[in-house]
Structures are given as structure tokens and as C-alpha cells.
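Letter by letter, the chains look like this.
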Amino acid sequence: MIALKLGVTADDVKNVIIWGNHSSTQYPDVNHAKVKLQGKEVGVYEALKDDSWLKGEFITTVQQRGAAVIKARKLSSAMSAAKAIADHVRDIWFGTPEGEFVSMGVISDGNSYGVPDDLLYSFPVVIKNKTWKFVEGLPINDFSREKMDLTAKELAEEKETAFEFLSSA
């Protein structure tokens, strides 16, 4: 979406973060994203100059993408999931390029972003020697904090529901 809006290829956009759950509460965050425009790397906010789109339609569209794929195709979004799995395997195998990170659902233990431990939560990670590590020290603004907390709350509730179900079985 960012690439289309800026008239560049997807390869020209990097470091977009998906925080949290794989649901309608996931938070696509471009605060740390970069785009290559005319050979120069600039921040996505600076390049787009459209805060309302980035904080509104962009987020909502990404959050509803899975449902939109199913609605448009009248079929499962399994190919989209398969592509994501293939991308993850590629990133684990080859690592992330210097200065770039990817978003990956990993165990939240030991993160520096205030997400409770013991959740499978999507974070920005770097991968080297087939081992992932949290990207540390990214500043989080109030808007992002609210979105990140909302998706963490949903994951904690889903975890609690799963444990209740398992303990009653």
C-alpha cells in the first residue's frame, strides 16, 4: 500500500512493523519505516505527508486484509498465509540485511516494549545465524502505545480462554 501510494516497488519500502496479534487489532506501524525515493532513503511519514491516511485508512485496510482476501476470492486466504510462511523461512535461513528488520510472531519474553511475557506477539526482529533477536530501543509514541496495548490485551484474553478450555477438557 505504501509503495503503491508513492509509486515505487515494494522492495523500496523497508522496516514497516506489524505489532501484535494476527487479527483486526494488529497494528501496522510506519514510524520507523523507510522508503527509497529517487535514490534517497527517507521516512515514510516524510515521504507521504499524509498523517490522516497513515493513521486511518492504511491501518484499517491492513487490519482487515485477511477478511478482504476471503471476500474477494470467495476462498480461504491460505495462499497469503503460505507466502508469509515462505518469507519467514527465507528470513530465518538467510537472515535480515544490515539495517533492516522484519516483523515476526515470537514469544514476548524479555522484550523492551512493555508487552507482557508469555504471549506470541508480532515484533520487529533481526535475524542472524538462524537466530532472531528483538529490535531494541525503537521509540514508541502514545498513538502506537495505545494500539500495541490493545492487541496485547486481545492476545492475553485469547490465551486465558484457551487455558480455560484446556483445563475443562
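First things first, this report covers the structure right here in the doc. All values reported here derive from a predicted model rather than from experimental measurement.

A few points about the nonpolar core
Argument step 1. Judged by nonpolar contacts, the single largest core of 37 residues is most densely connected at I2 and F123.
Argument step 2. Elements with a minimum of two residues in this core: α1 (2-6), β2 (17-19), α2 (44-48), α3 (51-55), α4 (57-63), β6 (102-107), β7 (120-128) and α7 (142-168).
Argument step 3. With sequence-adjacent residues up to four places away left out, I2 is seen in contact with V13, V30, V44, L48, W53, L54 and F58.

Some remarks on the side chain of S144
Argument step 1. Within the fold, S144 resides in helix α7.
Argument step 2. Residue S144 is classed as buried on the basis of its relative accessible area, which comes to 1%.
Argument step 3. Looking at S144, its side chain comes within polar contact range of the side chain of Y27, at 2.7 Å.
Argument step 4. Dropping the residues within four chain positions of it, S144 is found in contact with Y27, D29 and N31.

Side note on the pattern of salt bridges
If charged atoms from side chains of opposite charge come close, those side chains can pair.
Argument step 1. One pass over the structure, following the stated rule, counts seven salt bridges.
Argument step 2. K14 is the partner of E41 in a salt bridge, and the nearest nitrogen-oxygen pair spans 2.9 Å. With a gap of 27 residues between them, E41 in strand β5 (residues 40-43) and K14 in strand β1 (residues 13-14) connect regions that are remote in the sequence.
Argument step 3. Note that D91 and R90 form a salt bridge whose closest N and O atoms lie 3.0 Å from each other.
Argument step 4. Judged by its relative accessible area of 9%, D91 is buried.

Some remarks on the environment of L54
Argument step 1. Here L54 shows up in helix α3.
Argument step 2. Look at L54 and you get buried, because its relative accessible area is 2%.
Argument step 3. Taking the C-alpha atoms as reference points, L54 and D29, separated by 25 residues in sequence, lie 8.8 Å from one another.
Argument step 4. Filtering out sequence-adjacent residues up to four positions away, L54 remains in contact with I2, V30, V44, Y45, L48 and I59.

Regarding the pairing of strand β8 (residues 131-134)
The side chains of a regular strand alternate between both faces of the sheet.
Argument step 1. Both β7 and β8 contribute to a ladder of four bridges, which runs antiparallel. Counted as the bridge partner of K128 is T131 from β8.
Argument step 2. Where β7 hands over to β8, the hairpin turn is made up of two residues, of which N129 adopts a positive phi near 55°.

Reading the values: rules and limits
- Positions within a chain are numbered from 1, following the residues in the order the chain's sequence is written.
- Selection of residues for local features in this predicted model requires a pLDDT of at least 70, selection of side-chain atom pairs for listing and counting requires 80 or more, and totals for whole chains, interfaces and linings are taken over all residues.
- Here the side-chain values reflect all heavy atoms present in the structure, with hydrogen atoms and water set aside.
- We call a set of buried residues a nonpolar core when its members are Ala, Val, Leu, Ile, Met, Phe, Trp, Tyr or Cys and they connect through side-chain atoms within 4.5 Å of each other.
- Burial classification: accessible surface area is computed with a 1.4 Å probe over protein chains only, and a residue below 20% of its type maximum counts as buried, one above 50% as exposed, and the rest as partly exposed.
- Helix numbers and strand numbers start at the N terminus; a helix is a DSSP run of H or I with at least 4 residues, a strand a run of E with at least 2.
- By the convention used here, residues are in contact when the closest approach between their heavy atoms is within 4.5 Å.
- By the criterion applied in these results, polar contacts are pairs of N or O atoms within 3.5 Å in which, for protein atoms, one can donate a hydrogen and the other can accept it, and in which residues neighboring in sequence qualify only through two side-chain atoms.
- We define a salt bridge as a side-chain nitrogen of Lys or Arg found within 4 Å of a carboxyl oxygen belonging to Asp or Glu.
- Strand pairing is assigned whenever DSSP detects at least two bridges linking the two strands.

Honestly, that's just the spatial picture; any functional story needs more than this.
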